[in-house]
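One letter stands for each residue in the lines below.
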Amino acid sequence: MNIKEMIEQIVTRENVLENEPMKIHTTFQAGGNARLFVMPRTEEETAKVVQICRENHAEWVILGHGSNLLVSDKGYDGVVIWLKKYLNGCWAEENEMIAQAGVMMPTVAREAWKCGLGGLEFASGIPGTVGGGVTMNAGAYGGEMAQVVKEALVLTEDGKLRTVSNKELQFSYRHSAVQSEKWIVLKVRFLLFPKNSEDIKTLMDDYNGRRREKQPLEYGSAGSTFKRPTGYFAGKLIEDAGLKGYRIGDAQVSEKHAGFVINRGNATASEIWSVCNHVKKTVKEKFGVDLEMEVKTIGSFEA
Ligand SMILES: Cc1cc2nc3c(=O)[nH]c(=O)nc-3n(C[C@H](O)[C@H](O)[C@H](O)COP(=O)(O)OP(=O)(O)OC[C@H]3O[C@@H](n4cnc5c(N)ncnc54)[C@H](O)[C@@H]3O)c2cc1C
């Protein structure tokens, strides 16, 4: 039996796709195909799929909403595990919200609002899943996952299910232990607080209005392409380097917000990658500052 057949035995045939185009699963809307694209229906199935990959020495990666990912044009010769299709529930328990890894952060924020629970307003416009949000310690407008996550159920590298506390998640700027420990986030418990629903809605509307005004939401992107270097703002450095509008093919430094590299329509991943490299090189030459990608990559970008 090959690895595809082994995985099909766990998740059924209809939940395993071959040569799936990743451009339809990433907000950059670019990149090649994944050899296998697997949609587990439960946490247990997720664990079994990872175990099969491990035993067969197959590379695997977890995909959320693909809103912080650039996939190589050459594709990914491994198994992409997509939690969004089935592991996407969320519900309130008193002052807490429980969310599965594949539910979108704006959905959880809206659910919390409906339940009169404050704390997740900052996440109402971040277009990623809860799993991706915890992995990245996603944040905006002074809020971040670190402030609201009480604990998470994770699958550890050796295949064990473990509940890890906020402290064990070791949140820092756009980073958490999920990245360094190679955990898989399966479920998250948020500790929120009672708040007037109208006040929650006003704040969410304000944040989302600011996003629409400042960010190039009409184009494909992965949000802020680079991390904020200590003491600077990436967008300001890029703008001051004269790079606003810099373009290779359909990949461009946004004219609206220089911190975003956008896809104007048909950009390839290598065009996006080349724009990013040019930005890094120019900012280093002009200001001596090293820009680090916030966006994660999958597959090879070597020429
Ligand atoms: C228009 C736009 C605006 C944005 N604004 C913001 C913002 O304000 N603040 C902000 O922080 N980010 C922002 N982002 C970036 C992005 O939305 C966040 O980083 C988000 O947390 C990524 O979630 P995702 O589900 O899309 O993750 P993906 O992009 O699918 O994955 C990101 C990384 O997390 C890993 N991962 C995903 N799910 C899991 C899991 N369950 N377990 C383990 N690892 C996992 C992936 O393997 C990958 O390494 C923006 C993006 C866009 C396109």
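These numbers come from a predicted model, not from an experiment.

**Concerning the site of the ligand**
Logical step 1: The local shell around the ligand holds 37 residues, among which Ile62, Gly64, Ser67, Thr129 and Gly139 are the closest.
Logical step 2: Gly133 is positioned with one of its backbone polar atoms (N or O) 3.4 Å from an oxygen atom of the ligand.
Logical step 3: Arg174 is positioned such that a nitrogen or oxygen atom in its side chain is 3.3 Å from an oxygen atom of the ligand.
Logical step 4: Elements that contribute at least two residues to the shell around the ligand include exactly strand 3 (60–63), helix 4 (130–136), strand 9 (139–140) and strand 13 (184–191).
Logical step 5: No other element matches helix 4, which puts 5 residues into the shell around the ligand.
Logical step 6: Counted by class, the shell around the ligand contains 18 nonpolar, 16 polar and 3 charged residues.
Logical step 7: There are two domains that each give the shell around the ligand at least three residues, and those are domain 1 (3–82) and domain 2 (90–214).

**As for helix 7 (residues 197–214)**
Logical step 1: Relative to the 26 Å expected for 18 residues at 1.5 Å per residue, helix 7 spans 26 Å between its end C-alpha atoms, a close match to the ideal helical length.
Logical step 2: Elements in contact with the buried residues of helix 7: helix 3 (105–114), strand 8 (117–118) and strand 9.
Logical step 3: A side-chain oxygen of the first residue of helix 7 lies 2.8 Å from the backbone nitrogen of Glu198; this N-cap is Asn196.

**Describing the domain arrangement of the chain**
Logical step 1: Examined at the domain level, the chain breaks down into domain 1 (3–82), domain 2 (90–214) and domain 3 (234–298).
Logical step 2: If you average the C-alpha positions of domain 1 and of domain 3, the two centres end up 28 Å apart.
Logical step 3: On the domain 3 side, the residues contacting the 12 residues of domain 1 number 13 residues.
Logical step 4: Summing both partners gives a buried area of about 1,200 Å² for domain 1 against domain 3, and 65% of it is carried by carbon and sulfur.
Logical step 5: Of all residues in domain 1, the largest losses of buried area upon contact with domain 3 belong to Phe28, Asn68 and Leu70, amounting jointly to 53% of the total for that side.
Logical step 6: Here domain 1 is connected to domain 3 by 0 salt bridges.
Logical step 7: At the junction of domain 1 and domain 3, the tally comes to 9 residue pairs in polar contact (both at pLDDT 80 or more).
Logical step 8: Grouping the constituent residues of the side of domain 1 that touches domain 3 by class yields 7 nonpolar, 4 polar and 1 charged.

Parameters at a glance
Residues numbered from 1 in each chain as written. Predicted model: local features only at pLDDT ≥ 70, side-chain atom pairs only at ≥ 80, totals over all residues. Heavy atoms only, no water. Near = heavy atom within 4 Å. Polar contact = N/O pair within 3.5 Å; in protein donor to acceptor, adjacent residues only side chain to side chain. Helix = DSSP H or I, 4+ residues; strand = E, 2+ residues; numbered from the N terminus. Nonpolar A, V, L, I, M, F, W, Y, C, P; charged D, E, K, R; others polar. Domains from an automatic or database assignment. Expected span 1.5 Å × (residues − 1). Contact = heavy atoms within 4.5 Å. Buried area = accessible area lost by both parts, 1.4 Å probe. Salt bridge = Lys/Arg side-chain N within 4 Å of Asp/Glu carboxyl O.

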